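Summary of the model geometry
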Amino acid sequence: MNVSEAIRNRRSIGKVKQNEIPAQSIERILEAGTWAPNHRLTEPWRFFVLRGEGRGLLGNALAEIALEKFEDSNSPEALKAVESAKNQPLRAPVIITVAVAPVDKAGVIELEEYGAVFAAIQNMLLEIHSLGLGAVWRTGAPCFSPKMNEHFGLRPQDKMLGFIYLGEPDVTDLQGKRTPFQEKTVWVDTPEKLEAQE
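A quick note: this is a predicted structure, and the numbers were derived from the prediction, not measured.

When you go through the chain residue by residue, the secondary structure sums to 6 helices and 4 strands. For the chain, the α and β elements follow one another from N to C terminus as α-α-β-α-α-β-α-β-α-β. Here the C-alpha coordinates of the chain stretch approximately 65 × 40 × 35 Å along the principal axes. The proportion of buried residues among the 198 residues of the chain is 37%. Counted over contacts in the chain with a minimum sequence separation of 6, partners at least 24 positions apart contribute 78%. Carbon and sulfur atoms provide 52% of the accessible area of the chain, an area that totals close to 12,600 Å². Of the side-chain charges in the chain, 23 are positive and 27 negative, and the distance between the mean point of each set is 3 Å.

Despite not being glycine, R40 shows a phi value in the positive range, around 60°. Positionally, R40 belongs in the loop between α2 (23-34) and β1 (45-51). Unlike most non-glycine residues, E43 shows phi in positive territory, near 45°. Relative accessible area serves as the criterion here: at 42%, E43 is assigned to the partly exposed category.

On to the packing of aromatic side chains, then. Considering all chains together, one arrives at 2 aromatic pairs under this definition. Seen from their ring centres, F48 and F152 are 5.1 Å apart, and the 70° between their planes marks the pair as edge-to-face. Taken together, the residues F48 in strand β1 and F152 in helix α6 (residues 146-152) connect sequence positions 104 residues apart. Of the residues examined, F48 reaches a relative accessible area of 21% and is grouped as partly exposed. Considering the side-chain rings of F118 and W137, the 6.0 Å spacing of their centres and the 45° angle between planes classify their relative orientation as tilted.

What follows concerns the pattern of salt bridges. Using the criterion set out here, one finds 3 salt bridges in the structure. With a shortest N-O distance of 2.6 Å, R28 and E127 are connected by a salt bridge. With R28 in helix α2 and E127 in helix α5 (residues 110-130), this residue pair connects regions lying 99 residues apart in the sequence. Notably, a salt bridge pairs R155 with D158, separated by 2.7 Å at the nearest N-O pair.

A few words on the sheet that holds β1. Strand order in the open sheet formed by 4 strands is β1-β2-β4-β3, with antiparallel pairing between adjacent strands. Across the chains shown, the open sheet's two edge strands, defined by having one partner strand only, are β1 and β3 (134-138). Here the strands of the sheet are splayed against their neighbours by 20° on average, with no regard to which way each runs. Pairing geometry for strand β2 (residues 94-100) and strand β4 (residues 159-167), over 7 bridges, is antiparallel. From the neighbouring strand, V98 faces β4, where its bridge partner is G162. Along the sheet, α5 makes contact with β1, β2, β3 and β4, crossing β4 at roughly 0°.

This paragraph deals with the pairing of β4. Look at any regular strand and the pattern is simple: side chains alternate between the two faces of the sheet. The element β4 is largely enclosed, with a buried count of 8 among its 9 residues. The pairing of β3 with β4 spans 5 bridges and is classified as antiparallel. The residue of β4 that forms the bridge with A135 is L166.

Conventions used here
Residue positions are given per chain, counting from 1 as you read along its sequence in written order. Only residues with pLDDT of at least 70 get local features here, since the model is predicted, and only at 80 or more are side-chain atom pairs given and counted; chain-wide, interface and lining totals rely on the full set of residues. Only hydrogens and water are removed before side-chain values are computed, so all heavy atoms of the structure are retained for them. Strands are runs of DSSP state E lasting at least 2 residues, helices are runs of H or I lasting at least 4, and numbering of each runs from the N terminus. Burial classes: relative accessible area under 20% of the type maximum marks a residue as buried, over 50% as exposed, and values in between as partly exposed (1.4 Å probe, protein chains only). Contact definition: two residues touch when any of their heavy atoms are within 4.5 Å. Surface accessibility in these figures is a Shrake-Rupley result with a 1.4 Å probe; residues are shielded only by whichever protein chains are displayed. Charged residues are defined narrowly, with Lys and Arg counted positive, Asp and Glu counted negative, and His plus the chain ends left uncounted. Lysine's charge is taken at NZ, arginine's at CZ, aspartate's at CG and glutamate's at CD. Here the aromatic set is Phe, Tyr and Trp, taking the six-membered ring for Trp, and pairing holds for ring centres within 6.5 Å; pairs whose planes are under 30 degrees apart are stacked, those over 60 apart are edge-to-face, and all others are tilted. Basic side-chain nitrogens of Lys or Arg form a salt bridge, by our definition, when they fall within 4 Å of a carboxyl oxygen of Asp or Glu. Two strands make a pair as long as DSSP finds a minimum of two bridges between them. The axes are straight lines fitted to the C-alpha atoms, using for helices just the contacting stretch, and the angles between their N-to-C directions are given from 0 to 180°.

Have a look at this one:
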């Protein structure tokens, strides 16, 4: 498949089989991430591959974060939330969690470090698609919690940017839809200041 086809045909696939994914395929996906553009070659990405019982690392972090919403951690509601959080990572046989570790160096803009890791994630999703595998990139408030950093040994200035749930697709014929680029694009041929866009 060529790049143009991959970009247009890739879909987020949240329903996957529990079949084991070969380590070689996972390594190929990780390497694709490392080829993302990054200013000053800082390579600010950090990857964690969770398989088997290792998925419990994410489950424990999600459970601890879920408990923060409850005054009584032993209430039926709290216990149900903990159980649900611990089971979330079991929806896929492999989860690749991706974090940014910004480089503290003169001339490095922190926001650009985030951009590099988001580009790495897109590379990984395209590689996953090219391998005939399925994945969904999950984020959400727990992703950015300091407790998530603690569980994954990240520094306070680092940030988890997503969880790629990976497996063999268990769905077919997913259709995509996008707003035509014409509705999101302004062509500029003169240097005059633009009016604010609605």
